[in-house]
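# Fold and geometry: a report
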Amino acid sequence: MSDSITIFDTTLRDGEQAPGASMTVPEKVRIAHKLADLNVDVIEAGFPISSPAQTEAVARIATEVDGPVTCALARTKEDDIDAAGEALADGTDTRLHTFIATSDVHIEAKFDKLGNTMAEKREAIIQRAVRAIEQALTYTDNVEFSAEDAGRTDPEFLCEVVQAAAEAGATTINIPDTTGYCAPSEYTDLLETVVDCLPDPDAVTLSTHCHDDLGLATANTLAGIRAGARQVECTINGIGERAGNAALEEIVMALTVRADAFDVTADVHTEHLTPTSQTVSAATGFPVQPNKAIVGSNAFSHEAGIHQHGVLEERTTYEIMSAADVGQDAEQIRLGRHSGRHGLFNRLEAMGYAVPEGHRDALYDRFLDLADRKKEVFEEDLEQMMNDFGDDTVAAATGLPDNGAALNGGTPAYRLDQFSVHLSSDDEAKVSVRLQRDDGSAPEEQATGEGPVDALYRALDHAVDAPHTLVDYSIRSISEGADAQGEVEVTIRYGENQFAGTARNTDVIRASAEAYVDALNRLVAAQEHAESVEFVQNGIMHTYGE
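None of these values were measured; they are calculated from a predicted model.

Conventions we followed
By convention here, each chain's residues receive numbers from 1 onward along its written sequence. Owing to the predicted nature of the model, reporting of local features is limited to residues with pLDDT of at least 70; listing and counting of side-chain atom pairs is limited to 80 or more, with chain, interface and lining totals taken over all residues. Heavy atoms throughout the structure, all of them, feed into the side-chain values; hydrogens and water do not. At least two DSSP bridges between two strands are needed for those strands to be called paired. Each helix is a run of H or I in the DSSP string that is no shorter than four residues. Each strand is a run of E no shorter than two, and both are numbered from the N terminus. Axis geometry follows a simple rule: fit a line to the C-alpha atoms, using only the stretch in contact for helices, then measure angles between N-to-C directions, giving values from 0 to 180 degrees. Contacts were defined at the residue level, with two residues in contact if any of their heavy atoms lie within 4.5 Å. Every angle not falling under 35 degrees, over 145, or within 65 to 115 is termed oblique; those three ranges are roughly parallel, roughly antiparallel and roughly perpendicular. Here a crossing is called left-handed whenever its near helix is offset anticlockwise from the far helix by less than a right angle, and right-handed whenever the offset is clockwise. Residues are grouped as follows: Ala, Val, Leu, Ile, Met, Phe, Trp, Tyr, Cys and Pro are nonpolar; Asp, Glu, Lys and Arg are charged; every other residue, Gly included, is polar.

Our next topic: the sheet that holds strand 13 (residues 444–449). Adjacent strands of a sheet pair through backbone hydrogen bonds, lying either parallel or antiparallel. One open sheet holds the 3 strands; their spatial order is 11-12-13, and the pairing between them is antiparallel. Since the sheet does not close on itself, it has two edges, and those belong to strand 11 (414–422) and strand 13, each with one partner. With direction set aside, neighbouring strand axes in the sheet form an average angle of 25°. Relative to strand 13, strand 12 (residues 429–437) runs antiparallel, the two sharing 6 bridges. Looking at the pairing, Ser 432 lines up with Gln 446 of strand 13. This element, helix 17 (residues 452–463), spans strand 11, strand 12 and strand 13 of the sheet and lies at about 145° to strand 13.

Closest axis-to-axis distance for the helix 8 (residues 217–226)/helix 9 (residues 248–257) pair is 10 Å, and the angle between their directions is 50°. What the angle tells us is that helix 8 and helix 9 run oblique. In this structure, helix 8 meets helix 9 at a crossing whose hand is right-handed. Listed contacts from helix 9 to Thr 218, Thr 221, Leu 222 and Ile 225 of helix 8 are Glu 250, Ile 251, Ala 254 and Leu 255. Its residues placed into classes, the contact of helix 8 with helix 9 shows 5 nonpolar, 2 polar and 1 charged.

What follows concerns the sheet that holds strand 16 (residues 497–505). Taken in spatial order, the 3 strands of this open sheet run 14-15-16, and their pairing is antiparallel. Two strands lie at the open edges of the sheet, namely strand 14 (469–477) and strand 16, each paired on one side alone. Adjacent strand axes in the sheet meet at a mean angle of 15°, parallel and antiparallel pairs treated alike. With 8 bridges joining them, strand 14 and strand 15 (residues 486–494) adopt antiparallel strand pairing. Opposite Leu 470, over in strand 15, you have Ile 492 as the bridge partner.

Here is the structure:
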């Protein structure tokens, strides 16, 4: 009988650490519900000490999301562990995850006050790990310990730390390749070394946590499973610090399709993989590349004639899994202005949305408005339409984010009221913009620029009182056809922090304005949580992940 693999999803913690990927609390709760539908075993919901919003997200997921274990992260510091324990306090099935760096490069850079010699510092790190685990056990009997940068840690010292952590009561031991440095064979050797040094390897669960700096995260994770790991830490779409983490969908389908090679099982409802991927993409503003394995729009597409002929004759000639297995549509469902309510709501239900009867008229009107501007409405269009739908009751009933309301105490700081653009071949673009502000004012500003977007952003800058710098602007088509919606992504900076905004519309100028306003609202929301901003500026948020 094959062993079962614990799927530990860290999209809401490590995934959110990707610059520009921060999510609101309602967005995190919605994604957690999607992860529960996917049947993951553990959801790492956040890092409570870092901000009130992180604490709220962990507490809400622990109490509102049934099924998975809810996990909170903490450094080996008393305040961190207390914050994590208190955030988890009302949950019924919880885990506390504590970590400390163990590689020489991290020890030298981060722990100069722990001792004068490397031996003294290493001993101090072991003591801190043990104290943290013992403290965590006062909150929950499910405690995980991670040796940060284990991939570059001296194996002999790693064994000392792991042995001490197991003796202190940690039930899961994580051996992360924090920097994505290891080759698969090296990672296998490292985990086998850890297994051999544990007095009772069966008493703890060994875990992987692999980053993708060299594109080896999934390969290393699978190598870790071969070496005896029975938990894998991963994220939807592989998002995370730098190049990201091992992608959950890739690991799960590798174990499913190649069960003969790995002889382990992951009890994941794979038909929810693509809908969950789309939800995460919409919440973070990070598009899924078309050729992304498993969940990319081209993952089951065939253009070459020989491929088309082969697939039409026998699907398995070029497909080693079916589109339906991962929640993709093998046949395109066509929706447009002549589509009825039945077709629309059946399609939305298949995508995982349950719209209450009392709100269907408003949503159908929104669909018709979109269909009037497009010859054909695709699934990507529907996903964004649902993500943008702003009625609070529908948002609560469907688990949708409330169109930015959570960003600013229930009301976004800024709403785009109206704008006009004047273009001529001889003069600069001229733009007039009116913003509705949460204080009731509606400033109207004008500006000129080298193009409509440049002029538009200059006018918006005049209308807001949040200092910032534009870092990045990009636009892409997100569905098919000449009338496809354009998705605009905007990144702005304030201090050391970046805030991403995104919007989609067939009118790319309007999408550009709405994406910019979205980024500004996220900046204002972060300013209202001064503790969170200060924490990031102190350099902690982007250095603690495994």
